[in-house]
Amino acid sequence: MTRVTTTVLDRIGLLVTNDPALGAGPLGIVHDASVVTDGSRVLSVGPSGQIADQRVDVEGRCVIPGFVDSHSHLVFAGDRSEEFAARMAGAEYAAGGIHTTVAATAQASDAELRRIVTARRAEAARAGITSIEIKSGYGLTPAAEARLLRLGREFTHDTTFLGAHVVPTEFTGRADDYVELVCGEMLKAAAPLSRFVDVFCEVGAFDADQSREVLRAGIAAGLIPKIHANQLGLGPGVRVAVEMGCVSADHCTHLSDADVAALAGSTTVATLLPAADFSTRQPYPDARRLIDAGVTVAIGTNCNPGSSNTTSMSFCLALAVRDMGMTAEEALQAATTGGAAALRRDDIGRLRVGSPADLVVLDAPSYLHLIYRPGVPLIHSTISARR
Ligand code: NIG
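If you're wondering where the values come from, they're calculated on a predicted model, not measured in any experiment.

### Some details on the side chain of N304
Then step 1. Mapped onto the elements, N304 comes out in the loop between β14 (297–299) and α11 (313–323).
Then step 2. At a separation of 2.8 Å, a polar atom in the side chain of N304 contacts the main-chain carbonyl oxygen of N302.
Then step 3. Setting aside its immediate chain neighbours within four residues, N304 contacts H73, F76, Y138 and N309.

So this is what it looks like as structure tokens:
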């Protein structure tokens, strides 16, 4: 039997474990630490100087768990920078822009799309993202949605069926017929390739009843429900999320007191996507209000061509602290354990014995620098577990 080579990441100045049993505070901080892995799992967390087959000296840098990005639309082709520029000049964001990407994605061959997504996933890894959720939603036919999910599956098991992203133009005026297709033939093709079902509950996309129908059908097919809720204005999305037992309500930009109370009384994670609010000139969600009410909060990049074309979790953290009332510690947790909760995963987002060896070495002495030095590429290296 071949023995697996072990590696020690040694001389870590500040290690974030996210396990209070291992270190100080909720982040479980250990100073002058080392972590031993076998490339797949964390074998031990201890003081500097632990021994392994190989030694990597990180020279006092900060090490954090890899980011868990629980909301991305990574599988798309095309460019909507003109739409972005128009918005910066005063135009409003609307769900309808999705059609442009549906058309561009349909034009791309499987090989082309695979090349694009491979590059985008590599970019996300360079940004410190070791776990990612990937949605469909730029196909909108049974075959096209299945194609996007099949491709997504090449990169993650956390794939989400989002056939209910927008009503396709050929169904204009017949949204209910499209919902029937989503809940029938499309779901049948998508369910074996998906872990989650999602719906964009918003003016210009799907209303509360249509959203319930999509989620109910997805749940019946064995999928975990999620929802795009309250992105562009107040609406029923969050209430539907809680009522349907969604694992997460994503966006939560516009919330009434009743929405906050509903989330606080539920297990639904509020996934905040500040890069989308940046790019659509929406107000930022009030994370402080949610956290103070006891809601679990996640932060995701929402990488997509329309509302948030970024893989930079550091950028999202900086916005969260600067404009959403979060502390740096809360923001870091939201991008690690919060993301894990939004994916119903308890194995990722922490560094303790048995965790996947997903670590990020920062070119900085502390995670605070991610916010203190915005825009600076501080990800020294991303180590992803062999899976
Ligand atoms: O999460 N809200 C719906 N979906 C994306 C935007 C998609 C697009 O504009 O292409 C979002 O912001």
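### Notes on the state of the cysteines
Then step 1. Applying the stated rule across the entire model yields zero disulfides.
Then step 2. C316 supplies the cysteine sulfur nearest to C62, a cysteine that is in no disulfide, at a spacing of 18 Å.
Then step 3. Classification of C62 as buried rests on a relative accessible area of 0%.
Then step 4. C246 forms no disulfide, and the closest cysteine sulfur to it belongs to C201, at a distance of 9.7 Å.

### Some thoughts on the nonpolar core
Nonpolar side chains in soluble globular proteins tend to end up buried together.
Then step 1. With 93 residues, the main nonpolar core has I64, F67, I227 and Y367 as its most contacted residues.
Then step 2. In terms of residues, this core owes the most to one element, helix α5 (residues 175–190), which gives seven residues.
Then step 3. Of the domains in this structure, domain 1 (7–66 + 350–383) and domain 2 (67–342) are the two that each give at least three residues to this core.
Then step 4. Leaving out residues up to four positions away in the same chain, I227 has contacts with D198, V199, C201, S211, L215, G237, V240, A241, C246, S248, A249 and D250.
Then step 5. The next biggest cluster of nonpolar side chains, apart from the first, holds 14 residues, and it includes L9, V30, V42 and A385.

### Considerations on the site of the ligand
Then step 1. In the region of the ligand, 15 residues are neighbours, and R80, Y93, Y138, H165 and S307 sit closest.
Then step 2. With respect to the ligand, the side chain of N302 contributes an N or O atom lying 3.1 Å from an oxygen atom.
Then step 3. Bound to the protein, the ligand loses 100% of the 330 Å² it would expose on its own.
Then step 4. Class assignment of the residues belonging to the shell around the ligand gives a composition of four nonpolar, 10 polar and one charged.

### A short note on the pairing of strand β3 (residues 42–47)
Then step 1. Two elements, strand β2 (residues 29–37) and β3, share five bridges in a ladder whose sense is antiparallel. Bridge assignment links V35 to a residue of β3, and that residue is V45.
Then step 2. The loop that links β2 with its antiparallel partner β3 comprises four residues; one of these, G39, has a positive phi angle of about 90°.

### Quick look at the sheet that holds strand β8 (residues 134–135)
Then step 1. Taken together, the seven strands give an open sheet; going across it, the order is β8-β9-β10-β11-β12-β13-β14, and neighbouring strands pair in parallel fashion. Two strands close off the open sheet at either side, each with one partner strand: β8 and β14.
Then step 2. Two strands pair when backbone bridges link them, and strand β12 (residues 248–251) and strand β13 (residues 269–272) are joined in this way by three bridges, in the parallel orientation. The partner of A249 across the bridge, within β13, is A270.

### Here we look at the pattern of salt bridges
Then step 1. Applying the stated criterion across every chain, the model contains 25 salt bridges.
Then step 2. Linking R387 and D358 is a salt bridge whose minimum nitrogen-to-oxygen distance equals 2.5 Å. Of the two residues, R387 is situated in the segment after β16 (379–383) and D358 in the loop between α12 (328–342) and β15 (359–362); the sequence distance between them amounts to 29 residues.
Then step 3. Residue classification places R387 among the exposed residues on the basis of a relative accessible area of 63%.
Then step 4. It is possible to trace a salt-bridge network through shared partners that takes in D10, R11, R55 and D57.

### Some remarks on the domain arrangement of the protein chain
Reports of interface size often rely on the accessible area that becomes lost once the parts have come together.
Then step 1. Each assigned domain of the protein chain is listed with its residue range as follows: domain 1 (7–66 + 350–383) and domain 2 (67–342).
Then step 2. On a C-alpha basis, the centroid separation for the pair domain 1 and domain 2 is 30 Å.
Then step 3. Contact with domain 1, which involves 18 residues of that partner, is made by 18 residues of domain 2.
Then step 4. Where domain 1 abuts domain 2, roughly 1,500 Å² becomes buried across the two surfaces, and 70% of that area is made up of carbon and sulfur atoms.
Then step 5. If you sort the residues of domain 1 by the area they bury against domain 2, G66, L370 and I371 come out on top, with a joint share of 33%.
Then step 6. At the junction of domain 1 and domain 2, the tally comes to zero salt bridges.
Then step 7. Our enumeration of links across domain 1 and domain 2 arrives at three residue pairs in polar contact (both at pLDDT 80 or more).
Then step 8. Considering every element that reaches the side of domain 1 that touches domain 2, the biggest residue donor is β16, with three residues.

Definitions and cut-offs
- Counting restarts for each chain, with residues numbered from 1 along the sequence as it is written.
- The model is predicted, so local features are restricted to residues of pLDDT at least 70 and side-chain atom pairs to those at 80 or more, both for listing and for counting; the totals for chains, interfaces and linings are taken over all residues.
- Note that water and hydrogens are dropped before the side-chain values are worked out from all heavy atoms of the structure.
- Secondary structure elements follow DSSP: runs of H or I no shorter than four residues count as helices, runs of E no shorter than two count as strands, and numbering proceeds from the N terminus.
- By the criterion applied in these results, polar contacts are pairs of N or O atoms within 3.5 Å in which, for protein atoms, one can donate a hydrogen and the other can accept it, and in which residues neighboring in sequence qualify only through two side-chain atoms.
- Residue contacts follow a heavy-atom distance rule, with two residues in contact if any of their heavy atoms lie within 4.5 Å.
- Criterion for a disulfide: a pair of cysteine sulfur atoms at a distance within 2.5 Å.
- Residue burial is assigned from relative accessible area. The probe radius is 1.4 Å, only protein chains are included, and a residue is buried under 20% of its type maximum, exposed over 50%, and partly exposed in between.
- In this text, buried Ala, Val, Leu, Ile, Met, Phe, Trp, Tyr and Cys residues form a nonpolar core when linked through side-chain atoms within 4.5 Å.
- These domain boundaries are the output of an automatic or database domain assignment.
- Throughout, the term near means that a residue has one or more heavy atoms lying within 4 Å of the molecule or strand in question.
- Using the Shrake-Rupley algorithm and a 1.4 Å probe, accessible areas are obtained, with residue cover drawn only from the displayed protein chains.
- Under this grouping Gly is polar, as are all residues other than the nonpolar Ala, Val, Leu, Ile, Met, Phe, Trp, Tyr, Cys and Pro and the charged Asp, Glu, Lys and Arg.
- When DSSP finds two or more bridges between two strands, those strands count as paired.
- We count a salt bridge whenever a side-chain nitrogen from Lys or Arg sits within 4 Å of a carboxyl oxygen from Asp or Glu.
- Accessible area that two parts lose when put together, with a 1.4 Å probe and added across both, is what the buried area reports.

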